[in-house]
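Residue strings, one per chain:
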Amino acid sequence: MAESAHSTVRSLDPRGRWSELPQAERDAAYDNNAAVKNSAALIAERNEASSRLRGTLNSNLDLPYGERANNKIDLYPAAKLDAPCLVFLHGGYWQRNSRELFAMLVEGVAAHGWSVAIPGYSLAPEVSLTDIVGEIPRALDWLAVHGPSCGVAGPTVLAGWSAGAHLVAMALDHSHVHAGLAISGVYDLAPIRDTGLNNALKLTDAEIATLSPLRLPVTPKRLDIAYGSSELPALVNDSIDFHDKRAAAGAPGKLIPVEGADHFTILEALRRPNGILVEAARRLLD
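Residues numbered from 1 in each chain as written. Predicted model: local features only at pLDDT ≥ 70, side-chain atom pairs only at ≥ 80, totals over all residues. Heavy atoms only, no water.

Comments concerning the pattern of salt bridges
No. 1: Tallied over the entire structure, the rule returns 17 salt bridges.
No. 2: With its nearest N and O atoms 3.8 Å apart, the salt bridge here joins glutamate 25 to arginine 17.
No. 3: Glutamate 25 gets classed as partly exposed once you look at its relative accessible area, which sits at 38%.
No. 4: Linking aspartate 131 and arginine 68 is a salt bridge whose minimum nitrogen-to-oxygen distance equals 3.9 Å. Here aspartate 131 is found in helix 5 (residues 129–146), whereas its partner arginine 68 is found in the loop between strand 1 (60–64) and strand 2 (72–76), with 63 residues between them in sequence.
No. 5: A residue is classified by how much of its surface remains accessible, and aspartate 131, at 29% relative accessible area, is partly exposed.
No. 6: The class of arginine 68 is partly exposed, set by a relative accessible area of 31%.
No. 7: Members of the salt-bridge network, linked through shared partners, are Arg54, Asp62, Asp74, Arg99 and Glu100. (Salt bridge = Lys/Arg side-chain N within 4 Å of Asp/Glu carboxyl O. Buried < 20%, exposed > 50% of the residue type's maximum accessible area, 1.4 Å probe, protein only. Helix = DSSP H or I, 4+ residues; strand = E, 2+ residues; numbered from the N terminus.)

Written as structure tokens, this is what we have:
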């Protein structure tokens, strides 16, 4: 998989005729699992690898940063206290998955001497998206204060995939974040409300207005935005639109199309030490 300027061509987006679509087609526009035919096998391999690595890597696990059950963070410190730290936010449309399932990503940047932190966060429908967005700054606050005593004190790059990319965009302005890497994200929530995903999220008008990065003022901090060329059009076009909005405002950051990657295989580019998203994360400290 390689970065390619040719992949910035927009995909034909069903949202262009959104009001005409039956419910099944609206749901399909955001259904990554159905769009990737071998998604179940890819997810199973990811989970197995994470389970194996989480128990063998140098780590401080299950550290509470808040009061809710999922308000815990896993730290994988590097040999040097002041090494850069990748803080990774998992995906799952804000209603699935957990931090434990993404430990397989540690090896990518760790091979270059980085630390990794993986916070968990609460999930819908137990809490609202407003609550979820509010938990990420609290995790970052905790890391800034307590990270050094756990071996993590270097500059922070905030990265996230899928729903985690949306959370990266929302927390980019945090004082502890040096720069961000948003992978395969959703940046306008309005269409989500018209899909089955909203059964758990129950998005309000206010949340769509205040939690959609494409509807908010641009944070001027550097943010690289990545997506797979084989992803669903809604995610491809949201990524391009968000980068265009930021570029128009003069905000720094690259658009990184990962050629041939789908919504799940794109994580290989952050998992492999020579992956282009590992390189992108490292460049964010230049």
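So much for the structure itself; the text now carries on.
A few points about the sheet that holds strand 6 (residues 177–183)
No. 1: Spatially, eight strands are ordered 1-2-4-3-5-6-7-8 in an open sheet, and the strand pairing comes out mixed. With one partner strand each, in any of the chains shown, strand 1 and strand 8 (255–258) form the two edges of the open sheet. Put simply, the sheet's adjacent strands are angled 20 degrees from each other on average, direction ignored.
No. 2: Sheet topology note: the strand 1/strand 2 ladder contains three bridges and is antiparallel. In the sheet register, leucine 63 faces strand 2, and the bridge partner there is isoleucine 73.
No. 3: Those strands touched by helix 11 (residues 276–283) are strand 3 (85–89), strand 5 (156–161), strand 6, strand 7 (223–228) and strand 8, and its axis lies near 165 degrees from that of strand 8. (Pairing = 2+ DSSP bridges. Axes fitted to C-alpha atoms, helices over the stretch in contact; angles between N-to-C directions. Contact = heavy atoms within 4.5 Å.)

Digging into the pairing of strand 4 (residues 115–119)
No. 1: Taken across its five residues, strand 4 has five buried, putting it largely inside the fold.
No. 2: Residue alternation in strand 4 divides its side chains into two sets, Ser115, Ala117 and Pro119 and Val116 and Ile118, and both sets are buried.
No. 3: In this sheet, strand 4 lies alongside strand 2 in antiparallel orientation, the contact comprising four bridges. In the strand pairing of strand 4, tyrosine 76 is matched with valine 116.

Topic: the side chain of histidine 243
No. 1: By secondary structure assignment, the location of histidine 243 is in helix 9 (residues 233–248).
No. 2: Excluding residues within four positions of it along the chain, histidine 243 makes contact with Ile225, Gly253, Lys254 and Leu255.

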